[in-house]
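# Working through the structure, step by step
Residue-level listing of the chains:
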Amino acid sequence: LGLIVQSSSFSFSTTVEIGLAHRRCGPSILPSRPFFIPHVSPIRTKRQNHYPTLLFATQDDDNSATDLFGFPADVARPLVVLLIAQFILFIGVGAVIPTIPLYGKAIGLSSAANGLVISAPAMAMLLGANPGGKFADVMRKPAMMYGMALICVSDIGTAMSQGVVSLVCCRLGLGAGRCLSEAGERGMLADLAGRAPELRGRSLAAQQAVLALGIAVGAPLGGVVVEQYGPRASFLCVSAAAIIALGIYSFLPETIQNNEVTQEQQGKDETVDFNSNKANEDSSSSDGDWGKLLRENSWRGLAICQCGASFGFAAKISSIPIIAAATLPGGAVGAGALVSAAGLSGLVGAPLGGWLTDRAGARLTAVASGFISATGLLLIPAALSSPFSNVFELPFYLGDSSEVSAQALGFTALVILWSIGASAQGPALTALAQELAPTGAEATAMALPRATGDGTYIVAPFLLGLIADSSLTVPGEECAAAGAATLLGILALALLGDREESH
């Protein structure tokens, strides 16, 4: 049993004596003539022992506290902790992004086989999306921490792998860890956004911007690490980042609201919790059923759009670093610099996407930004096949050279254009999923578009690798194929109707 004792509009400093008896011995007793009569209201909280907790707060302190660009304090504080952890994590992720396809090439894998290795985490994420979402709907924070611990172990195993079998097993473990951790993160963000719905786009944009900044910082560091110590070392970097993020996650609060009902509200002797929680769990499970959700046009369009976007991200991992290493000066350093530049461009796209989501709506923002990202990928073959032979001097060195061709500059500009569009689309798609998700099953429902994207990601790197292996005349055709898939996805999102108001 907990009580909030709220004062009037004035501050006070005095001792308020409230006599409380054990719930089996009778009701709570207030002094007959106290110094002043406070407002007493029950809090729904778990009864951990027989001793109640008194929480004193004034209305001004509770309602007007703001931080972080106008976010309420109960949103800003956990959001800042979460973003700090993810920034550190994605520095490590940025270090490993340009390494994954180069690692496959270094051990003699073809582009198609390399695509299979890259898609292994997506297989685990697809299979674990539904149970991971259901677990995260019960406990956000434990899901995040257990998943992050598995990510750490899997990346260490990747660095120590000696063959294809052990490498694939470790990448499957990485996917399982990501599935659990990201389900908890999505659920926690949905909980925080639900406390300030008018700032939903801004909060999601803040997360996207932090992820982009982390990748921008980590990618060039990863290129340097690969050049100095080899591809395996970059996986140790992301493991170290995961350990730090795991420690920071331990400071986060649990954001799922308690559904217990106290005896004062029910007029019963004991708190009604198990039966009501079981009923709520069953109801949430039914609301979050993927088959039921896919009968709605809005969820179908969102799922297809996520499939198309996954082709773009598959190209970023499996194709763009290889093209960049062959086109830009510096090899792996040049590829890392391009990934870093793409990450920095996300600092423009993510806030823009969040701002447009709050003002123009999530669906319109997702369609417009998706068209921009698709255009960037579709034009890459034309840039790489440009007849211009100009060579430009950069104001800095990439590796041991500062000269770059016109084709390389065009390729770089289009990759950055894709990154701006994709980073703007991310907050819009997540906001749309949050709006559509049924109450109590947010993590499970929001795992649906992610699972469809992961299912696409299983085959997308392999298909793009086949296109790259068979393309002998036009470089970058696999990027154009990814752009075409992205374009089909946004058309489905636009044409499958507005959101049904069924939730």
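Bear in mind the structure is a predicted one, so any value in this text is a computation, not a measurement.

Attention shifts here to the overall build of the chain. Along its length, the chain carries 19 helices and 7 strands. Taken across its 503 residues, the chain has 50% of its residues classed as buried. Sequence separation of 24 or more characterises 83% of the internal contacts of the chain that already satisfy a separation of 6 or more. Working note: accessible area of the chain is about 22,800 Å², and carbon and sulfur atoms make up 62% of it.

This next bit is on the environment of Asn297. Structurally, the position occupied by Asn297 is in helix H12 (residues 297-318). What makes Asn297 partly exposed here is its relative accessible area of 33%. Residues Asn297 and Ala492 lie 195 residues apart in sequence; the distance between their C-alpha atoms is 9.6 Å.

On the surface, a cluster of nonpolar side chains totalling about 300 Å² of accessible area is made up of Leu213, Val217, Leu221 and Leu344. The element best represented in the nonpolar patch is helix H7 (residues 200-229), accounting for 3 residues. As for its placement among the helices and strands, Val217 is situated in helix H7.

The next thing to look at is helix H8 (residues 232-249). Here H8 spans 26 Å end to end across 18 residues, near enough to the 26 Å set by a 1.5 Å rise per residue. Taken residue by residue, H8 has Ala233, Ser234, Phe235, Val238, Ser239, Ala241, Ala242, Ala245, Ile248 and Tyr249 as its buried positions.

A full pass over the atoms with the stated rule returns 2 aromatic pairs. Here the aromatic rings of Phe135 and Tyr146 are separated by 6.3 Å at their centres, their planes lie at 40 degrees, and the arrangement is tilted. A residue pair is termed long-range when its members are at least 10 positions apart, and Phe135 in helix H4 (residues 111-138) and Tyr146 in helix H5 (residues 140-160) qualify at 11 residues.

The next subject is the side chain of Ser203. With respect to the helices, strands and loops of the structure, Ser203 is situated in helix H7. You can call Ser203 buried: its relative accessible area is 6%. Ignoring any residue separated from it by four or fewer positions in sequence, one finds Ser203 in contact with Phe71, Leu79 and Ala193.

Evaluation of the coordinates by the stated rule reveals 6 salt bridges. Salt-bridge contacts for Asp137 lead to Arg140; the nearest nitrogen and oxygen are separated by 3.0 Å. Note on Asp137: relative accessible area 15%, which makes it buried. For Glu442, the salt bridge goes to Arg140, with nearest N and O atoms at 3.5 Å.

With that settled, the discussion passes to the confidence of the model for the chain. With 73% of its residues at a pLDDT of 70 or more, the chain has an overall mean of 76. Within the chain, helix H15 (residues 362-378) carries the highest mean pLDDT (94), whereas strand E3 (residues 53-56) carries the lowest (32). Overall, residues 1-66 carries pLDDT values under 50, and its contacts beyond four positions in sequence, including any with other chains, amount to 74 contacts. Contacts from residues 499-503, a stretch scored under 50 in pLDDT, to residues over four places away or in other chains number 13 contacts.

The next point concerns the side chain of Ser373. Counting through the fold element by element, Ser373 comes out in helix H15. Overall, Ser373 belongs to the buried group, its relative accessible area being 2%. What Ser373 contacts, discounting residues up to four positions off in sequence, is Trp418, Gly421, Ala422 and Thr486.

Mapped onto the fold, Ala335 is located in helix H14 (residues 332-360). Given a relative accessible area of 1%, Ala335 falls into the buried group. With 11 residues separating them in the primary sequence, Ala335 and Ala324 have C-alpha atoms 5.0 Å apart. Ignoring any residue separated from it by four or fewer positions in sequence, one finds Ala335 in contact with Pro321, Ala324 and Ala325.

Bringing the nonpolar core into the picture now. Ranked by size, the top nonpolar core spans 91 residues in total, and within it Ile380 and Phe411 carry the most contacts. Looking at which element gives the most residues to this core, the answer is helix H17 (residues 406-436), with 12 residues. Dropping the residues within four chain positions of it, Phe411 is found in contact with Ile320, Ile323, Ala324, Leu338, Ile380, Ala383 and Leu384.

Right, let's get into the packing of helix H2 (residues 73-96) against H7. Two elements in contact, H2 and H7, have axes separated by 6 Å at closest approach and are oriented at 30 degrees. Regarding the angle of H2 to H7, the classification is roughly parallel. The way H2 lies across H7 gives a crossing that is right-handed. Residue-level contacts link Leu79, Leu83, Gln86, Phe87, Phe90, Ile91, Gly94 and Ala95 of H2 to Ser203, Ala206, Gln207, Val210, Leu211, Leu213, Gly214, Ile215, Val217, Gly218, Ala219 and Gly222 of H7. Here the residues of the contact of H2 with H7 are counted per class, giving 13 nonpolar, 7 polar and no charged.

Criteria and thresholds
- The residue numbering used here restarts from 1 in each chain and proceeds along that chain's sequence as written.
- Note on the predicted model: pLDDT of at least 70 is required for a residue's local features to be given, and 80 or more for side-chain atom pairs to be given and counted; whole-chain, interface and lining totals, by contrast, use all residues.
- By convention in this description, side-chain values take in all heavy atoms of the structure and omit both hydrogens and water.
- Comment: elements are numbered from the N terminus, with helices defined as DSSP H or I runs of at least four residues and strands as E runs of at least two.
- In this scheme, a residue with accessible area under 20% of its type's maximum is buried, one over 50% is exposed, and one in between is partly exposed, where area comes from a 1.4 Å probe on protein chains only.
- We call two residues in contact when some of their heavy atoms are within 4.5 Å.
- A 1.4 Å probe and the Shrake-Rupley method give the accessible areas. Residues count as covered only by the protein chains that appear here.
- Within this analysis, patches are made of residues with over 30% relative accessible area and no salt bridge. Like charges are joined at 9 Å or less; nonpolar side chains (Val, Leu, Ile, Met, Phe, Trp, Tyr) at 5 Å or less.
- When a carboxyl oxygen of Asp or Glu is within 4 Å of a side-chain nitrogen of Lys or Arg, the pair counts as a salt bridge.
- The span one expects for a helix is its residue count, reduced by one, times 1.5 Å.
- Geometry of aromatic contacts follows a simple scheme: Phe, Tyr and Trp rings, the Trp one being its six-membered ring, pair when their centres are within 6.5 Å, and the pair is stacked under 30 degrees between planes, edge-to-face over 60, tilted otherwise.
- Each residue carries a pLDDT score, the predictor's confidence in it, ranging from 0 to 100.
- Side-chain atoms within 4.5 Å are what join buried Ala, Val, Leu, Ile, Met, Phe, Trp, Tyr and Cys residues into a set we call a nonpolar core.
- Interaxial angles span 0 to 180 degrees and are taken between N-to-C directions of axes, which are lines fitted to C-alpha atoms, for helices over the stretch in contact.
- Here the angle decides the label: under 35 degrees means roughly parallel, over 145 means roughly antiparallel, 65 to 115 means roughly perpendicular, and every other value means oblique.
- Working rule for handedness: look at the near helix, and if it is turned counterclockwise from the far one by less than a right angle, call the crossing left-handed; if clockwise, right-handed.
- Ten residue types, Ala, Val, Leu, Ile, Met, Phe, Trp, Tyr, Cys and Pro, are classed as nonpolar, four, Asp, Glu, Lys and Arg, as charged, and the remainder, Gly among them, as polar.

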